[in-house]
Structure formats: C-alpha cells, structure tokens
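Breakdown of the fold
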Amino acid sequence: MSDGSNLPDDVSTLPAGTPLTRAALEIDEYAATLGWDLPARLFALVDSAALRKADPRIAKQLGLTDEAAGLTPVEQDELPAGMELDKFLGTIAWPDAVAGCALVVERLMLPPGSEQSRPRNASDAQLAEWVANHPKREEVRITAAVLRDGSKEIALRLRSKDVAREVLTGPDLVPGLTEALLATFS
C-alpha cells in the first residue's frame, strides 16, 4: 500500500504502477474538484485504445489522443435517489466493451480498535449514530475501481488531508466495496 506521501498535487504526473491505479487516482482527483458532501458516482472503465478504434468520434469528444493508453473513465448517470447502494449495484449489467468500473462514495471511518467500544446488540440506526458521533471518526472519499479480470484498486482520501499527495492507495483497503463492484460483472 502506498501512503501517497511522495505524490504530486497534479494527478497527471502521478507515477502510478498500473492503468487501474492511474484510473482510480484520476477519478479521485476529478471528484476532488467537485467538493465534498456529494452523492455516489459510478464510472465505466474502457480500454482507451479499443475505444479509439471502435468509436473515433467519441474518443475525440473525450479528448483521447493517439498516444493515450490505459483506461478511460466514463461517468454514468446519477444513481437513483433513495436506493441503497448494494441494491443498486445488484441491478447493473455492463456491456462487453466495458473493461471495469469504479465507484466514488463518501463514508465515515473509524480507526483500528474502535470496534472494541462498539455498542452491543445495537440496531443499524444506533450503530450509524455511534459512528457519526465518535470523536475519532474520519470523513473519507473512497474511489473503488475493478476490472473484469478481478483486479482491484482503492484510492482513499481523508477530508482532513484533502490533497492528492495524501491519498492512500491499495487493492485491499475496502474489500467489501471492491467485491460488490466485481459482482456487477457476474
């Protein structure tokens, strides 16, 4: 896992190791320009070279140059208001041209060890209230990206450290979310 400490503020110069990591960081940077307290956003990930070949007009509209390689994120329509995220993800079917997908969500996270003080037998609403009022909670923006082949990547941005060089990356930071996204290809 990279701690992001050596990342520049400009995501276009990021030395990310894989196209999936670069796509996750690109989407994270895009989401950062929009600000916080926004609904979840869904992206299809398409192979840039295949897109240029299949539909040069769309590739040109997206600003893809002949040299562009890797993955191109294509933002999808807004998620239905009021629908639970896991239920929504269960309704997705991607066409074959989509190599992967990514989801941006904002959540509250607690530091390791917080589970020990978790209220026992609490309802979901009580647990949500406990997390929301926990003194060590952190607001985070999670960009989860996956490919059909099972590859996964997470870019995690803490609201308290809202700069690109502080973004954490790693495939296993939020395993439940990446597994849910991988299931959209089943």
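The written sequence of each chain sets the order in which its residues are numbered from 1. With pLDDT at 70 or above as the cut-off, local features in this predicted model cover only qualifying residues; side-chain atom pairs require 80 or more to be listed or tallied, and sums for whole chains, interfaces and linings still use all residues. Hydrogens and water molecules were not included; the side-chain quantities draw on all heavy atoms of the structure.

The predicted coordinates should not be examined in detail at positions where pLDDT is low. Each residue carries a pLDDT value, the predictor's own confidence for that position, ranging from 0 to 100. Chain-level pLDDT for the protein chain is 86 on average; 89% of the residues reach the 70-or-more range. Contacts are assigned to residue pairs with any non-hydrogen atoms lying within 4.5 Å of each other. Confidence drops under pLDDT 50 across residues 1-14; counting only partners more than four residues distant or on other chains, this segment forms 29 contacts.

What characterises a pair of aromatic rings is the spacing of the ring centres plus the angle enclosed by the ring planes. Here the aromatic set is Phe, Tyr and Trp, taking the six-membered ring for Trp, and pairing holds for ring centres within 6.5 Å; pairs whose planes are under 30 degrees apart are stacked, those over 60 apart are edge-to-face, and all others are tilted. Counted under the stated rule, the structure contains two aromatic pairs. Seen in terms of ring centroids, Trp 94 and Phe 185 are 6.1 Å apart; in terms of plane orientation they differ by 20°. Their pairing is stacked. Of the two residues, Trp 94 sits in the loop between α4 (85-89) and β3 (100-109) while Phe 185 sits in the segment after α6 (175-182), which places them 91 residues apart along the sequence. Arg 141 extends its terminal NZ or CZ atom over the ring of Trp 36, reaching a point 4.0 Å from the ring centre. Runs of E in the DSSP output that reach at least two residues are strands. Runs of H or I that reach at least four are helices, and both are numbered from the N terminus. When the NZ atom of lysine or the CZ atom of arginine is within 6 Å of a ring's centre and also within 35 degrees of its normal, the charge is said to sit over that ring.

Next up on the list: the sheet that holds strand β5 (residues 152-158). Reading across from one edge, β2-β1-β3-β4-β5-β6 is the order of the six strands in this open sheet, with antiparallel pairing throughout. Unpaired on one side and paired on the other, β2 (71-75) and β6 (168-170) mark the two borders of the sheet. Adjacent strand axes in the sheet meet at a mean angle of 25° when their direction is disregarded. Sheet topology places β3 next to strand β4 (residues 138-147); ten bridges connect them, and they run antiparallel. Its bridge partner lying in β4, Val 104 is registered against Thr 143. Only the stretch in contact is used when a helix axis is fitted, and all axes are lines through C-alpha atoms; the angle between N-to-C directions ranges over 0 to 180 degrees. The sheet strands contacting α6 are β3, β4 and β5, and the helix crosses β4 at an angle near 35°. Think of it this way: DSSP has to see at least two bridges between two strands before they count as a pair.

Right, let's get into the side chain of Ser 48. Tracing the backbone through its elements, the reader meets Ser 48 in helix α2 (residues 48-54). Any residue under 20% of the maximum accessible area for its type is buried, any over 50% is exposed, and the rest in between are partly exposed; the area is computed with a 1.4 Å probe on protein chains only. For Ser 48, a relative accessible area of 1% translates into the label buried. One polar contact links Ser 48 to Thr 72, side chain to side chain, over a distance of 2.6 Å. Any N or O atom pair separated by 3.5 Å or less is treated as a polar contact, with the protein-specific requirement of one donor-capable and one acceptor-capable atom, and with residues adjacent in sequence counted only for side-chain atom pairs.

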